Every structure is written in C-alpha cells, then in structure tokens.
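# A look at the structure
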Amino acid sequence: MASLEEFRNYRSPLKDFYEGKTVLLTGGSGFIGKLLLEKLVKCNVAQILLIVRRKKGIEPTDRLEQLLGKEPVFVNYVKHPELYLPRIKVIEGDISKPGLAISNDDLEYIYSHTNIILHAAADVRFDEPLRSLIHSNVRGTRDLMTIALQCRNLRIFLYISTAFSHCVREEIGEQFYEPKLDPSLLITIAERESDADALEVLSGKLFEPWPNAYAFTKSLSEELVRRYRSKLPVAIIRPSIITTTKEDPLAGWTDNLYGFNGVVCGAATGVLRIFHIRMDYKASIVPADTVTNSTLATAWYAADHPQEENIFNCTTDENPVSWNDTQHQLEKWKDRIVFDKSLWISTYNTTRYQLVADFLAIFYHLLPALLFDLVLRLRGQKPQVLRIYQKVHRFSAVLRFFTNNEWRFRCDRMRTVLNALSADDQRYFPCDPKAISWSEFLDDQIKGLRVYLMRDPMESLKWTIPRHRKRQLAHRCLLVLIYGGLFYLALYVADALGLEKLFQIPKDDSTGM
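Source: prediction; values computed, not measured.

### A closer look at the pairing of strand E2 (residues 47-52)
For a regular strand, the rule is simple: side chains alternate between the two faces of the sheet. Burial of E2 is extensive: six of the six residues sit out of reach of the surface. What you see with E2 is no split at all: Gln47, Leu49 and Ile51 on one side and Ile48, Leu50 and Val52 on the other are buried throughout. Where strand E1 (residues 22-26) meets E2, five bridges bridge the pair, whose relative direction is parallel. Looking at E2, one finds that Val23 is bridged to Ile48. A crossover connection joins E1 to the parallel E2 through helix H3 (residues 31-42); in handedness this β-α-β unit is right-handed. For the segment spanning E2, helix H4 (residues 60-70) and strand E3 (residues 88-92), crossover handedness is right-handed.

Okay, here's the thing in structure tokens:
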C-alpha cells in the first residue's frame, strides 16, 4: 500500500469528501470499525466521534488507548500517535441501551459537529437471545437515526448491514424488502420485562425462515432505515462473509474467528476434521478491506445522489470463487505454514450430507477428544479438548446454512459507484472485487491467520515444521494400527461365523493335477 505521505498528498472527490469532516463512528472497537478508524485517520478527517462503552470496568478512553497500542492494523500509531489521539473524541455510549446511553452534553456536541455517520456497531453473535439482538441491532439503529435527525450539518447516514439480511431469497437485489414483522412493534415487546420469557420461547418461530436471529434483526433494521429515508440522507451497504484483509492497510489481518476464518483456523490446527458443506457452491467471501473501502466510497456517492435508493451489495459475485477452489489453494500450505497452537496435523474432510457429517464427527471429533483428554488427565492436566469440540460443533451448526446454500447478489448499483471512482481512488481505496487474485489472497490469509489471530510468529516455523513431520509419521502409524486392527477383527468375525471360505482363493483344477 501507499505510504501515509503519498496518500495524504493525492487529491480526489472521494478523499476530499472526508478531509476536514467530523465523522461519528459506531463499532469502532469491532473488526470493521478498526479498519474504518485507521482509514479515516489517513483521510485527514477533522475529528472522529467514537462511541465506546465501558467494558469490564475499563473506561472508554482507556479502552481506546489499549486498542490503538495493541492492534497492528493501526500501522502509523507507534511512529505518529499524534495522528490518532488528538482527532479522536471518545463518547461513552452503548448501542444496547435506550438512547445509546449518551449524555446530554455529548449529544449536543454530536448535533452541532457531525457531518457523516457510519453505523458499524452490531451484535454479531448468531446464538444470542432475540431480545438482546433487538435491543442492540434494531433499537440501537433506530435511536442512532433519531440522534441523526438532530445533526445540523449531516451529509449522510450509512448503515452497515449484511448481504444475508434477506437470505430467505435466492436472488438478493439492491433494494428494500419488506420484513415479515414490524420492527417498531418488536422493539416495544422486547422492552417490556413482562414479555421477556414469552419472547424467548417464541423467538425461533418469530425469525423463521431466517437461519438465525442476527440476520433477522438486520432485516428489521433495514426497514427502519427505509422509514427514515424521507427525513435523512441514508444509505445501506450489505457485505457478505467478511474474511481477512487483502492489502489495506496490511495483508491477511483479522481479529476474529467468525465465519470462514474459523473454518480455516480449525482445519489448519487439526481441530476441524469433518465439515458439512457443498464444495461446488460459490463461497460468498469478501476481503475486509474491500468492505471498508466500499463503505467509504458508497457513503461519498450516496451523499451526492440523495434521491437514489442507495443500497449496495458488497459481494464478490463479479469474481466468484467456490469452496472447492479455496480448499485446493489452502491445501498447498498445510505442510509449510504449520500453526504452533495446533492439536494435530490437518486432516480436513467434507461432505454434502448432514447425516454423514454427524456420524463421522463421532470418529473424527468425539473419540479423539476423549483420547486427548485421557492423556491430559494422566499427565495431571485439566481435560479441555472435549469442551473445545462442543464449541466446534456449535460453530459448525451455525455455519451450516451458509455453506450449503447459494445466493445470487445483484451488484449493479455497487458497480456504478466503482465506475465513478478515479484511477487514483481505485488505487488508494481498493474495493473492486474484479481485482482480487484469489490465489494471492488465500495465501496471505493463511499467513495472516497464523500471525495476527493465532499470535504465531513466522520464526516459530523452525520448530513447528519438524514437530509436524513427527506427527505425520505418528498419524500414519496410528492409521496402520487402526485399519490393521479392523481387518483382523473382520477376519475374526468371519471365522466365528464360519465364513472363512469367503476369504480363500479357490484352486485351479483345469490341469487335472
């Protein structure tokens, strides 16, 4: 990527849109929020109003300083902390609380200074209770738009949704879709303590046919944005399965095990050995920096085109890759990029049949987990592998819907934005999916997951590779013992049933001897 000085020196309508502006950002401590925070600093915005909640007794300002200091994605912070701290104003708030729990003084500051709102905050846990997700994802969005109505110099309110907010459809266009339930009614019900138990009991029926409450609440939030568009300049961007960064500000970075990242790490560490997936289906993955740069580009475009229905699908349908393609590329690295924190060698298997996956999980996951835990007990250590596999199975169940279905995402309006970018913008805000080289991206991904997520420096390869080779030998010996034992058992059973003649080779009497 370009240096900070080079980036600062170039001029374009997109970059000028952000320079000198005050941007209100939610979700700045999350995955996409961190990338947006870094890019906005590079864009030389006047100020970033960052809504941060108090967490585990740590003050929001302290959380920000910890965040900037530990995350490698803030590439200029060590050398140039003055680029960050003076221009970031922390505002204590919580999207799960009524009115975002922002003080009156901070609200007045927001009203008078904010030019751009980027709403990246969301509770992304698929298994979270519906009531909690309504509070965070639906009511939080409504209350932020209520605040936006009071902003006197607002150019655009952009909501980061998900491409799967309408995954009940096979083809998802860049348009609003009417939800099956009224979001305002659900907010009212969720706020009543007397209805809490009933809401939890009925939650599964309420969000059917959506696969989980998260996707359902995102569709409800989009409906609220639609209702506010006559009062506010709004836009929605819908990214698909977000994975590691492609290049901006560095390659292969992530901070979470969600989605595809979790599958790759699980396979690479020898934990995930059987997975239910349609390998011939399209993998709707998208690099994280494609999402953040697309977010900034669509906000700029929507601000200049307020009369359009500014909904943008941020996917890679114009440059698709299948699950099969991803596995073949990543397989090339399994003996060369060996993770230090691995359970065993990588033996990743897939099936399109759920019953087969569940059956094989007994032999690939459950029995090895019991064996590993037995070894840990004998060594006087706490057993933990079975508990890990319980999490793996919950993770697999959550992803099953997305790895065994396929969607067509219309990206015409997103392509209009990309075509409107200057040549320099396409270089400094790279977000065109057609420019992705999947082989290069996946190579960087496996390295990035090892270094940034698993905290395994590349220097450790000098001992992880020899250990890996020993494990490979042990694995082959173990297979010989298992299959040899099974063969012996088959012969024993055949002999006991009087079926030994089935295994005898008949003599050739044609010679008459």
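### A closer look at the pairing of E3
As judged from the five bridges shared by E2 and E3, these two strands associate in the parallel manner. What sits directly across from Val52, in E3, is Glu92.

### Here's the deal with the packing of helix H12 (residues 323-331) against helix H17 (residues 438-453)
The relative placement of two packed helices comes down to the angle between their axes together with the axis-to-axis distance. The contact between H12 and H17 brings their axes to 9 Å, and the two run at 60 degrees. By the angle between their directions, the pair H12 and H17 is classed as oblique. The interaxial crossing formed by H12 with H17 has right-handed handedness. On H17, the residues touching Asp325, Thr326, Gln329 and Leu330 of H12 are Ser439, Leu442, Asp443, Gln445 and Ile446.

### What about a positive patch on the surface?
A cluster of basic residues, Arg53, Lys55, Lys56, Lys70 and Arg455, forms a positive patch on the protein surface. Mapped onto the fold, Lys55 is located in the loop between E2 and H4.

### Some thoughts on the sheet that holds E1
Spatially, E3-E2-E1-E4-E5-E7-E11 is the arrangement adopted by the seven strands of the open sheet, whose pairing is parallel. Strand pairing shows two members of the sheet lacking a second neighbour, E3 and strand E11 (311-314), which therefore form its edges. Between one strand axis and the next, the sheet turns through 20 degrees on average, direction left out of account. Two elements, strand E4 (residues 116-119) and strand E5 (residues 156-160), share four bridges in a ladder whose sense is parallel. Within E5, the position partnered with His119 by the bridge is Tyr159. Relative to the sheet, helix H9 (residues 213-228) contacts E5 and strand E7 (234-239), its axis offset from that of E5 by approximately 165 degrees.

### Overview of the packing of aromatic side chains
Ring pairs (aromatic) are described by centroid distance and by the angle formed between their planes. Summed over the entire model, instances satisfying the criterion amount to 22 aromatic pairs. Plain terms: the ring middles of Phe164 and Phe402 are 5.1 Å apart, the flat faces sit at 75 degrees to each other, and that makes the pair edge-to-face. Of this pair, Phe164 sits in the loop between E5 and strand E6 (171-172) while Phe402 sits in helix H14 (residues 385-403), and the two are 238 residues apart along the sequence. As far as burial versus exposure is concerned, Phe164 and Phe402 are alike and both buried. Taken together through their ring pairs, the aromatic side chains of Phe126, Phe164, Tyr214, Phe401, Phe402, Trp407 and Phe409 make up a single cluster. Across from the ring centre of Tyr109, 4.8 Å away, lies the NZ or CZ of Lys89, which sits over that ring.

### Side note on the environment of Leu107
Residue position: Leu107 is located in helix H5 (residues 104-113). Apart from the residues within four sequence positions on either side, Leu107 is in contact with Ile102 and Ile147.

### Points about the nonpolar core
Buried together is how nonpolar side chains tend to be arranged in soluble globular proteins. With 149 residues, the main nonpolar core has Tyr18, Leu37, Leu118, Phe157 and Trp323 as its most contacted residues. Among the elements that take part in this core, helix H11 (residues 288-304) stands out by supplying nine residues, more than any other. Excluding its chain neighbours within four sequence positions, the residues that come into contact with Leu37 are Leu25, Ile48, Leu50, Leu64, Leu68, Phe74 and Ile88.

### Description of the side chain of Lys34
Tracing the backbone through its elements, the reader meets Lys34 in helix H3. Assessed through its relative accessible area of 5%, Lys34 is described here as buried. Within the structure, the side chain of Lys34 is placed 2.8 Å from the side chain of Glu71, a separation counted as a polar contact. Those residues within four positions of Lys34 in sequence are excluded, and the remaining contacts are Gly28, Ser29, Leu67, Glu71, Val73, Phe74, Trp253 and Asp255.

### Topic: helix H8 (residues 196-207)
Think of an α-helix as 3.6 residues a turn; residues three or four steps apart then line up on the same face. The end-to-end C-alpha distance of H8, which contains twelve residues, comes to 16 Å, matching closely the 16 Å that a straight helix rising 1.5 Å per residue would cover. What H8 keeps buried is the set Ala196, Leu199, Ser203 and Phe207. Each buried residue of H8 sits inside an arc of 70 degrees when the element is viewed along its axis, so together they form one side. Along H8, the residues that are exposed and aim more than 90 degrees away from the buried face are Asp197, Val201 and Lys205.

### Comments concerning the pattern of salt bridges
Considering all chains together, one arrives at 33 salt bridges under this definition. Asp248 is the salt-bridge partner of Lys39, the closest N and O atoms lying 2.6 Å from each other. Residue Lys39 is located in helix H3, and its partner Asp248 is located in the loop between strand E8 (241-242) and helix H10 (259-268); the two are separated by 209 residues in the primary sequence. Like Asp248, Lys39 is buried. A salt bridge links Arg238 to Glu222, with the shortest nitrogen-to-oxygen separation between them at 2.9 Å. A residue pair is termed long-range when its members are at least 10 positions apart, and Arg238 in strand E7 and Glu222 in helix H9 qualify at 16 residues. Through salt bridges with shared partners, a single network forms among Glu171, Arg408, Arg410 and Asp412.

### Looking at the packing of helix H6 (residues 130-149) against H9
In the contact formed by H6 and H9, the axes pass within 9 Å of each other and the chain directions differ by 20 degrees. Comparing the axis directions of H6 and H9 gives the class roughly parallel. Handedness of the H6/H9 crossing: right-handed. Counted together, Leu130, Leu133, Ile134, Asn137, Val138, Thr141, Arg142, Met145, Thr146 and Leu149 of H6 and Ala213, Tyr214, Phe216, Thr217, Leu220, Ser221, Leu224, Val225 and Tyr228 of H9 form the full contact between these two elements.

Basis of the calculations
Residues numbered from 1 in each chain as written. Predicted model: local features only at pLDDT ≥ 70, side-chain atom pairs only at ≥ 80, totals over all residues. Heavy atoms only, no water. Buried < 20%, exposed > 50% of the residue type's maximum accessible area, 1.4 Å probe, protein only. Helix = DSSP H or I, 4+ residues; strand = E, 2+ residues; numbered from the N terminus. Pairing = 2+ DSSP bridges. Right-handed = clockwise from strand over helix to strand, strands pointing away. Axes fitted to C-alpha atoms, helices over the stretch in contact; angles between N-to-C directions. Parallel < 35°, antiparallel > 145°, perpendicular 65-115°, else oblique. Left-handed = near helix turned anticlockwise from the far one by under 90°. Contact = heavy atoms within 4.5 Å. Patch = residues over 30% accessible without salt bridge, like charges linked within 9 Å, V, L, I, M, F, W, Y side chains within 5 Å. Areas by Shrake-Rupley, 256 points an atom, 1.4 Å probe, with all protein chains shown as cover. Salt bridge = Lys/Arg side-chain N within 4 Å of Asp/Glu carboxyl O. Lys, Arg positive; Asp, Glu negative; His and termini not counted. Charge placed at Lys NZ, Arg CZ, Asp CG, Glu CD. Phe/Tyr/Trp six-rings, centres within 6.5 Å; stacked < 30°, edge-to-face > 60°. Lys NZ or Arg CZ within 6 Å of the ring centre and 35° of its normal. Core = buried A, V, L, I, M, F, W, Y, C linked by side-chain atoms within 4.5 Å. Polar contact = N/O pair within 3.5 Å; in protein donor to acceptor, adjacent residues only side chain to side chain. Expected span 1.5 Å × (residues − 1). Arc of directions from axis to C-beta.

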